[in-house]
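Results of the structural survey
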Amino acid sequence: MRLEAEGLVRLPPAVPGLRIGLYGGSFNPAHLGHRHVSLVALKRLRLDRIWWMVTPGNPLKDRTALAPLETRIAVASAVADHPRIAITGFETQIGACYTRQSLAYLQARHPAVRFVWIMGADSLAAFHRWRDFRAIAATMPIAIIDRPGFTLTAPSARGAQAMGRWRIDESDAGLLADLEPPAWVFLHGPRSTLSSTALRAGR
């Protein structure tokens, strides 16, 4: 699929050599668990910035309960409230349906930026179901942040097993942004129990 952007696509500021973590999701709604993941990534991966990529919708999830993009971006901005976390909804503007397309677009726009893809362990458990998941792993380094209930199961999931030989030790997490993909790390530590699904359900 060729991406056709309408007008100028605005992205957060970036300069060559910057280490930027990309954290994608529906953020429906954003919550302090997302912020927790970002702060862990900033510190443990030695990143300069985190971009929250608010997606038009997850192809693997029901979109009927999805709040408007503008609403989700506004809530995400209020929740993040951090000078090193930026919010962007560029995927809607470029017509991206899958993560692989979005990451390829960013690399083409900023070839000298050191991007790292960030996701929770719950996403790793289903990673093998993502479109072109092997291509995603070959596009940029990946950091997995532990989530309650997935500490043991996610690393044994099909996607993790497919990437098994490229996993680096957690003690080397600060080097991840400098590594050629495929490369990934699983970060353990304090875990947030918050979830967007539970918040929507009022739990």
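Attention shifts here to helix 2 (residues 69–80). Every α-helical turn comprises 3.6 residues, leaving residues that sit three or four positions apart pointing alike. Spanning twelve residues, helix 2 covers 16 Å between terminal C-alpha atoms, matching the ideal 16 Å at 1.5 Å per step. Among the residues of helix 2, those classed as buried are Leu69, Arg72, Ala76, Val79 and Ala80. Burial along helix 2 is one-sided: seen end-on, the buried residues are contained in an arc of 95°. Counted as exposed and oriented over 90 degrees from the buried face of helix 2: Glu70 and Ala78. Positive phi appears at aspartate 81, one or two residues downstream of helix 2, with a value of about 40°.

Now for the layout of surface pockets. By volume, the second largest pocket amounts to about 220 Å³. Surrounding the second largest pocket, 15 residues form its lining, Gln107, Val113, Arg114, Glu180 and Pro181 being those nearest its centre. Its residues assigned to classes, the lining of the second largest pocket shows nine nonpolar, three polar and three charged.

Secondary-structure assignment places glutamate 91 in helix 3 (residues 90–94). Ignoring anything within four residues of it in the chain, the contact list for glutamate 91 reads Met53, Val54, Thr55, Pro56, Ala96 and Ser102.

Moving on: the nonpolar core. Membership of the largest hydrophobic core comes to 32 residues, with the highest contact counts inside it found for Leu22, Leu106, Trp117, Leu124, Phe127 and Ile142. Leaving out residues up to four positions away in the same chain, leucine 22 has contacts with Trp51, Met53, Leu103, Leu106, Phe115, Val116, Trp117, Ile118 and Met140. Membership of the second largest hydrophobic core comes to 29 residues, among which are Phe27, Ala41, Leu45 and Val54.

Conventions adopted
- Residues numbered from 1 in each chain as written.
- Predicted model: local features only at pLDDT ≥ 70, side-chain atom pairs only at ≥ 80, totals over all residues.
- Heavy atoms only, no water.
- Helix = DSSP H or I, 4+ residues; strand = E, 2+ residues; numbered from the N terminus.
- Expected span 1.5 Å × (residues − 1).
- Buried < 20%, exposed > 50% of the residue type's maximum accessible area, 1.4 Å probe, protein only.
- Arc of directions from axis to C-beta.
- 1 Å grid on protein atoms, 1.4 Å probe; cavity = no way out; pocket = protein on both sides within 12 Å on 5 of 7 lines; lining within 4 Å.
- Points joined across faces, edges and corners; volume = space filled by probe spheres on them.
- Nonpolar A, V, L, I, M, F, W, Y, C, P; charged D, E, K, R; others polar.
- Contact = heavy atoms within 4.5 Å.
- Core = buried A, V, L, I, M, F, W, Y, C linked by side-chain atoms within 4.5 Å.

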